[in-house]
Amino acid sequence: MRCFLLMLACCFLLFISKAQGIKGSVTDSTNQPLSFATIGIAASPAGTVANSAGKFTLSLSPGRYTVICRHIGYQLVQQEIEVQRDSMSVVDFMLLPQQLVLTEVVVKKGEDPAY
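Let us look at the structure shown here. Per chain, residues are indexed from 1 in the order of the written sequence. Whole-chain, interface and lining totals are the exception, using all residues; otherwise, since this is a predicted model, local features are given only for residues with pLDDT of at least 70 and side-chain atom pairs are given and counted only at 80 or more. Only hydrogens and water are removed before side-chain values are computed, so all heavy atoms of the structure are retained for them.

What follows covers the pattern of salt bridges. A pairing counts as a salt bridge when a side-chain nitrogen of Lys or Arg comes within 4 Å of a carboxyl oxygen of Asp or Glu. In total, this model carries two salt bridges according to the counting rule given. A salt bridge links R85 to D86, with the nearest nitrogen and oxygen atoms 3.6 Å apart. Its relative accessible area of 40% is what places D86 among the partly exposed residues. Only protein chains enter the accessibility calculation, which uses a 1.4 Å probe; a residue is then buried when its area is under 20% of its type maximum, exposed when over 50%, and partly exposed in between.

A word on the pairing of strand β4 (residues 55–59). Strands are runs of DSSP state E lasting at least two residues, helices are runs of H or I lasting at least four, and both sets are numbered from the N terminus onward. Burial along β4 is one-sided: the residues F56 and L58 are buried and none of K55, T57 and S59 is. Note on pairing: two strands pair once DSSP finds at least 2 bridges between them. In this sheet, β4 lies alongside strand β1 (residues 21–28) in antiparallel orientation, the contact comprising five bridges. Among the inter-strand pairings, S25 is bridged to a residue of β4, identified as K55.

Take the packing of aromatic side chains next. For Phe, Tyr and Trp, where Trp contributes only its six-membered ring, two rings pair if their centres lie within 6.5 Å, and the inter-plane angle classes them as stacked under 30 degrees, edge-to-face over 60, or tilted in between. By the definition in use, this model includes one aromatic pair. Ring geometry for F56 versus F93: centroids 6.2 Å apart, planes at 35°, classification tilted. Taken together, the residues span a long stretch of sequence, with F56 in strand β4 and F93 in strand β8 (residues 93–95) at a distance of 37 residues. Each member of the pair F56 and F93 is classed as buried.

Time to look at the pairing of β1. Most of β1 sits inside the fold, with seven of its eight residues counted as buried. Here β1 runs beside strand β7 (residues 88–90); their pairing, made up of three bridges, is parallel. Within β7, the position partnered with K23 by the bridge is V90. Sheet topology places β1 next to β8; three bridges connect them, and they run parallel.

The next thing to look at is the nonpolar core. Grouping buried Ala, Val, Leu, Ile, Met, Phe, Trp, Tyr and Cys residues that are joined through side-chain atoms within 4.5 Å yields what is termed a nonpolar core. Among the nonpolar cores identified, the biggest contains 18 residues, and I22 and V26 are the most heavily contacted of them. Those elements that place two or more of their residues in this core are β1, β2 (38–41), β4, β5 (63–70), β6 (77–83) and β8. The element that contributes the greatest number of residues to this core is β5, accounting for three residues. Excluding its chain neighbours within four sequence positions, the residues that come into contact with V26 are Q32, P33, L34, A37, I39, A50, G54, F56, C69, F93 and L95. Only heavy atoms enter the contact rule, under which two residues are in contact if any of them lie within 4.5 Å.

So, on to the sheet that holds strand β3 (residues 47–49). Neighbouring strands of a sheet are bound in pairs by backbone hydrogen bonds; such pairs are parallel or else antiparallel. Strand order in the open sheet formed by four strands is β3-β2-β5-β6, and the pairing between neighbours is antiparallel. Each edge of the sheet is formed by a strand with only one pairing partner; in this case those strands are β3 and β6. Neighbouring strand axes in the sheet, compared pairwise and without regard to direction, differ in orientation by 20° on average. The pairing of β2 with β5 spans four bridges and is classified as antiparallel. Of the residues in β5, the one forming a bridge with I41 is V67. The axes used here are C-alpha line fits, helices contributing only the stretch in contact, and every angle between their N-to-C directions lies in the interval 0 to 180 degrees.

Pasting the structure below:
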């Protein structure tokens, strides 16, 4: 009887524990994986980091979300997604390089104005 109840409990847990959320990959403009990019949900602490192959998985409750992907040296990308109950939505990101231009810096000899 105990064995039967244990098997029944395991089957019940498998039935109710279907994964839901998002999964996908992060690549650059040449389709190379971007390791360790951060994937987060806007206005939420939920987030994850892509692995060394650029793949990620994030468990979420059903609903609509704004997913943000960022990586140093690349432009931030946002996508609107809807997570359905008992399914994993696939969200792939392609990040473009970010070009930053800094203004000129002039170094003068003399006393440091911080003193």
